[in-house]
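# Architecture at a glance
Listed below are the residues making up each chain.
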Amino acid sequence: MSAPVRTAPYRSQLPPARDGFGQLLHAEWTKLRTVPRWGLVLLSAMVVTVLVSVLAVSGSSVGGGGPAAPVGPDGNAVKDTMQLVHERLPGDGSITARVSGLKGLKAPRPDGGRAGGPPAVNTGKTPGWTKAGIIIKANTKSGSSYAAVVLTHGHGVRMQWDYTHDLAGSATRPDEDRWLRLVRKGDVLTGYESADGKDWRRVGSVRPAGLTGTVEAGVFTAAAPNTKVERAFGGTSIAEGPGRATAHFDELAVNGGEGGRRQATIGRPAARDTVPAVDLASGSFELRGSGDVGPLQTDTDITRQTLSGAMIGLIPLSALGVLFITAEYRRGMIRTTLTASPRRGRLLAAKAIVLGGVTFVAGLIGAVLSFQLGEPIMRRNGHKPPRWPELSLTDGPVLRAVIGTAALLAVISVLALALGALLRHTAAAITLIVVMLVLPQILISGLPLGAAHALMRATPLAGFAIQDAIARYDHAAAVCLPEEGCYPQGPWAGFAVLCVYAAAALGLAIWRLRRRDV
Amino acid sequence: MEATIEVQGLRKQFGQTVAVDDLSFTVIPGQVTGFVGPNGAGKSTTMRVLLGLDSADAGRALIGGRAYSALRRPLTQVGALLDAAAVHPSRRGRDHLLWLAHTHGLPTRRVDELLETVGLGSAGRRRAGGYSLGMRQRLGIAAALLGDPPVLLFDEPVNGLDPEGIRWIRGFLRALAREGRAVLVSSHLMSELEDSADHLVVIGRGRLVADTPVAELLAAASGDRVALRTSDRTRAMAVLAREGATVAANGKESLSVTGLPAERITALLAAGGVPFSEVSAHRATLEEAYMELTRDAVEFQATDTQASEPRAAASQASESQASEFRAATGDGDMR
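Residues numbered from 1 in each chain as written. Chains lettered and ligands numbered in written order. Predicted model: local features only at pLDDT ≥ 70, side-chain atom pairs only at ≥ 80, totals over all residues.

### Let's talk about the overall build of chain B
Across its full length, chain B holds 10 helices and 13 strands. When each of the 335 residues of chain B is scored for burial, the buried share is 47%. Long-range pairs, those at least 24 residues apart, make up 68% of the contacts in chain B with a sequence separation of at least 6. (Helix = DSSP H or I, 4+ residues; strand = E, 2+ residues; numbered from the N terminus. Buried ≥ 20, exposed ≤ 12 C-beta atoms within 10 Å, placed from the backbone. Contact = placed C-beta atoms within 7 Å.)

What follows is the structure, encoded as structure tokens:
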């Protein structure tokens with residue numbers, strides 16, 4: 001035992017060290033890649049995602065029956081059925097009319113009322129997108145280009161053109177009178193509305209794709225379909241049948257028209273309504289119509305279906321997120337970690353970034369493979385254009401859905417990491433994340449539509465809205481059914497909800513970690 | 001940075017349990033400081049507070065004059081081995097050091113260098129789950145040394161080492177101290193620190209029992225007794241007593257002499273023509289010194305299981321018992 005010797009203080013000969021955020025990221029990456037089991041978890045997440053996706057699309061087929069839908073100016077399937085009173089308009093000009101008394105009628109039976117066919121669907125309510133108004137249309141063929149100013153039953157005055165476009169005018173009630181005017185000048189069509197025929201207010205100016213040369217100008221009535229949805233655990237029954245509506249038109253004047261007004265039925269309505277015998281020339285008559293004008297809202301989102309494996313792929317990735325932090329607690333390694341980087345908030349941030357990056361890459365590989373393998377299967381199963389347009393990975397919505405799926409999985413794994421840091425218990429954290437994401441999926445299939453939509457908006461499940469790759473139109477009057485992959489909000493809005501969950505959980509985890517002894 | 005550890009008035013409570021109570025001591029560079037106390041005495045808690053893992057309820061725990069959280073590039077300032085089992089079992093030993101090195105941008109060759117230093121060279125390629133406790137201790141020591149820090153904290157590093165390993169670590173700790181580092185080594189067994197510690201900080205129940213150089217402690221425990229073996233007991237006693245020594249007979253041929261150094265005793269006996277076969281200065285072991293030091297505290301612990309405010313320090317045991325007595329008789333508030 002020697003007596004204490006005072007020597008010169010120790011000086012290290014090592015090159016200077018650095019402990020910046022970059023070093024921390026590098027260290028966390030090293031941690032992640034040096035546990036072989038975690039690599040297997042990542043791999044299994046990719047395999048499961050692709051496998052489940054392919055299995056899901058293999059089971060989805062569509063029958064060939066039914067009449068082919070008309071094709072709109074952009075090549076996509078549309079709905080174009082209405083009752084029209086029209087005359088030719090060879091050049092510039094305008095059409096003006098007053099519409100009043102728009103109301104829904106008892107629904108006709110589908111298939112033109114043939115005996116033995118399906119029964120009529122009556123809901124007792126007139127669908128909001130039932131409409132009557134003035135139109136300038138390229139020709140009387142179903143699917144041709146048009147621009148219209150209409151009074152709707154539930155959405156006021158609108159200007160609509162070429163099926164997919166919709167502009168809001170005043171919020172007029174359907175029992176009020178409204179003067180409507182459409183002015184054609186060159187290829188520009190400008191819509192106006194007025195309460196009294198004197199004071200005109202512009203609704204909008206549009207340039208539809210195919211309104212050149214001689215066109216048809218007239219008034220029309222169309223009725224959005226009646227839809228009844230009944231949902232219970234185990235199944236959804238949805239009954240949809242044609243609607244029928246009537247409206248009164250007067251003060252009809254076509255400026256620059258050739259005269260010789262005729263009545264025409266566009267498309268194939270369920271019921272052939274006749275205009276009561278009135279003098280078409282006088283410009284005052286009742287016009288009944290059934291059938292709808294607008295985009296054909298497809299109920300199958302091919303892109304979403306090919307990516308459905310992500311719902312299962314999220315489970316291994318969540319487990320990885322949880323383990324990335326709970327494994328440190330389990331062995332007490334968190335102490336070593338925190339002595340090397342005492343700034344705890346920074347540490348969790350670095351973990352989140354490394355984990356998010358790795359799971360994003362794994363998710364992206366899984367999503368791209370799923371789409372590339374699944375899309376041809378969907379085509380083989382009968383999903384063909386024009387009802388289901390051609391898709392490519394480079395299309396905007398498809399790209400958003402595919403990259404969004406990877407981002408979705410990355411954010412879910414970060415959420416799992418945060419829950420793991422909060423609970424410090426592997427099984428508890430994995431259970432919680434699975435409950436947060438899987439339980440709502442089960443519930444939404446059985447709850448009433450309103451409650452299901454509320455869940456899809458408010459739970460982390462909302463993030464799956466990012467997989468939406470079909471255009472959804474507010475004015476298309478489709479029922480948004482969860483089982484058809486429809487989310488009640490936009491893709492980004494839904495993804496934002498999930499991000500808020502992850503950010504809040506991570507913030508809370510950092511706050512807790514800073515205050516706790518470890 | 002000055003390579004010191006300072007603990008001043010440190011207090012740490014977990015719920016109702018006081019783990020560390022008004023603890024103060026200083027560890028200086030250039031020597032190995034043993035941090036001794038029974039299990040549950042507060043050694044690990046003190047180390048966790050020093051490393052910024054637990055927060056102190058009162059007092060300060062500083063390294064080089066700074067709180068751990070204020071240290072820049074902490075691995076280059078302090079190295080710590082807290083729990084050898086704190087490695088992911090499916091990670092290779094080398095990878096464990098590698099991620100730690102990456103937090104400070106240290107080169108990979110530093111990792112390989114240290115694996116050699118602690119004798120894990122080829123075992124570094126194996127998964128840490130298959131390591132023996134001794135190998136994990138070596139891995140933990142390598143981790144503590146990664147940043148080549150001037151201050152080192154080892155919590156029970158000898159645990160689980162085989163005799164060869166114990167010998168290795170003793171030499172290793174001394175070598176680290178000789179380089180001018182401050183080395184704090186905790187143990188619940190005083191004997192483990194025999195031959196390696198220069199200074200001792202002894203705690204019991206969270207309070208300081210002793211803060212003393214090992215040499216002084218041993219001298220105090222040994223006293224200046226000399227054991228003597230002689231065939232002529234009576235004459236030996238007479239010769240030595242005349243020179244002022246206190247002589248006690250232990251057995252038929254053995255005597256215990258106090259008050260004279262061994263060399264003087266040999267000279268006197270030789271001069272007086274007294275036959276003797278052995279003269280040896282008694283030397284206490286560290287363990288004996290420790291037992292001596294904590295005897296009162298241990299007795300106190302045995303009788304005082306219900307104490308509301310545990311005090312283990314020997315010097316305060318009687319005072320504590322007295323105060324409890326006062327409290328029990330109702331005038332405790334008047335203190």
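### As for the domain arrangement of chain B
One can read the domain layout of chain B as domain 1 (5–219) and domain 2 (224–281). Taking only C-alpha atoms, the centre of domain 1 of chain B and the centre of domain 2 of chain B are 46 Å apart. (Domains from an automatic or database assignment.)

### Concerning the pairing of strand β7 (residues 182–187) of chain B
Residue and element names in this part refer to chain B. Counting buried residues along β7, 6 of its 6 residues qualify, which places the element largely inside the surrounding structure. Neither face of β7 is left uncovered, since the one carrying A182, L184 and S186 and the one carrying V183, V185 and S187 both have all their residues buried. Strand direction decides the pairing type here: strand β3 (residues 32–36) and β7, joined by 5 bridges, are parallel. Counterpart to V36 in the pairing with β7 is S187. (Pairing = 2+ DSSP bridges.)

### Considering the interface of chain A and chain B
Contact residues are listed per partner, giving 38 residues for chain A and 49 residues for chain B. When residues of the side of chain A that touches chain B are traced back to their parent elements, those giving at least two are α1 (21–33), α2 (36–58), α4 (310–331) and α5 (333–340) of chain A. Considering only residue class, the side of chain A that touches chain B consists of 19 nonpolar, 11 polar and 8 charged. (Nonpolar A, V, L, I, M, F, W, Y, C, P; charged D, E, K, R; others polar.)

### Describing helix α2 (residues 93–102) of chain B
Among the 10 residues of α2 of chain B, 10 are classified as buried, and the element is accordingly described as predominantly covered. Taken together, the buried positions of α2 of chain B are G93, R94, D95, H96, L97, L98, W99, L100, A101 and H102 of chain B. Buried-residue contacts for α2 of chain B involve α1 and α5 of chain A together with α3 (108–117) and α4 (133–145) of chain B.

### Overview of the sheet that holds strand β2 (residues 17–27) of chain B
Pairing between the strands of a sheet is mediated by backbone hydrogen bonds and can be parallel or antiparallel. All names here are of chain B. One open sheet accounts for 3 strands, arranged β2-β1-β4; its pairing is antiparallel. Every interior strand has two partners, whereas the edge strands, β2 and β4 (58–63), have only one. Taken over all neighbouring pairs, the strand axes of this sheet differ in orientation by 25 degrees on average, direction set aside. Inspection of the sheet shows strand β1 (residues 5–14) paired to β4 by 5 bridges, in the antiparallel sense. Paired with V7 across the bridge in β4 is A61. Those strands touched by helix α1 (residues 43–50) are β1, β2 and β4, and its axis lies near 115 degrees from that of β1. (Axes fitted to C-alpha atoms, helices over the stretch in contact; angles between N-to-C directions.)

### Structural notes on the domain arrangement of chain A
Residues and elements named next belong to chain A. As assigned here, chain A comprises domain 1 (23–60 + 300–515) and domain 2 (78–295). With centres defined by C-alpha atoms, the gap from domain 1 to domain 2 works out at 43 Å. The partner domain 2 presents 17 residues to the 11 residues of domain 1 that form the contact. Partitioned by chemical class, the residues of the side of domain 1 that touches domain 2 number 7 nonpolar, 3 polar and 1 charged.

### Let's talk about the environment of L217 of chain B
Residue and element names in this part refer to chain B. Its location among the elements puts L217 in helix α6 (residues 214–222). Exposure remark for L217: the 23 C-beta atoms within 10 Å place this residue in the buried category. Sequence separation between L217 and L293 is 76 residues; the distance between their C-alpha atoms is 8.9 Å. Not counting residues up to four positions away in its chain, the partners in contact with L217 are L200, T212 and A289.

### So, the nonpolar core
Counting 166 residues, the largest nonpolar core has V322, L408, V414, L415, L417 and A418 of chain A together with A142 of chain B as its most contacted members. Top contributing element to this core by residue count: helix α7 (residues 396–423) of chain A, with 18 residues. Residues in contact with A142 of chain B, not counting those within four places in the same chain, are L97, L114, L115, T117, V118 and L120 of chain B. By size, the runner-up hydrophobic cluster in this structure holds 47 residues, among which are L84, V99, A147 and V183 of chain A. (Core = buried A, V, L, I, M, F, W, Y, C linked by C-beta atoms within 7 Å.)

### Side note on the sheet that holds strand β9 (residues 207–213) of chain B
Residue and element names in this part refer to chain B. The strand order across the open sheet formed by 6 strands is β5-β6-β7-β3-β8-β9, and the pairing between neighbours is mixed. Of all strands in the sheet, those with a lone pairing partner are β5 (78–81) and β9, marking the two edges. For this sheet, the mean angle separating the axes of adjacent strands, direction not counted, is 15 degrees. The strands touched by α1 within the sheet are β3, β6 (151–155), β7 and β8 (199–204), with β6 carrying the most contacts at an inclination of about 145 degrees. Sitting on the sheet, helix α5 (residues 163–178) touches β3, β6 and β7, and the angle it makes with β7 is about 150 degrees.

### Some thoughts on the packing of α4 of chain A against α7 of chain A
Residue and element names in this part refer to chain A. At a closest axis distance of 7 Å, the pairing of α4 and α7 adopts a crossing angle of 35 degrees. The element α4 and its partner α7 pack so that their crossing is right-handed. Only T405, L408, L409, I412, S413, V414, A416, L417, L419, G420 and A421 of α7 make contact with α4, whose side of the interface consists of A310, G313, L314, L317, S318, L320, G321, V322, F324, I325 and T326. Here the contact of α4 with α7 is built from residues that sort into 15 nonpolar, 7 polar and no charged. (Left-handed = near helix turned anticlockwise from the far one by under 90°.)

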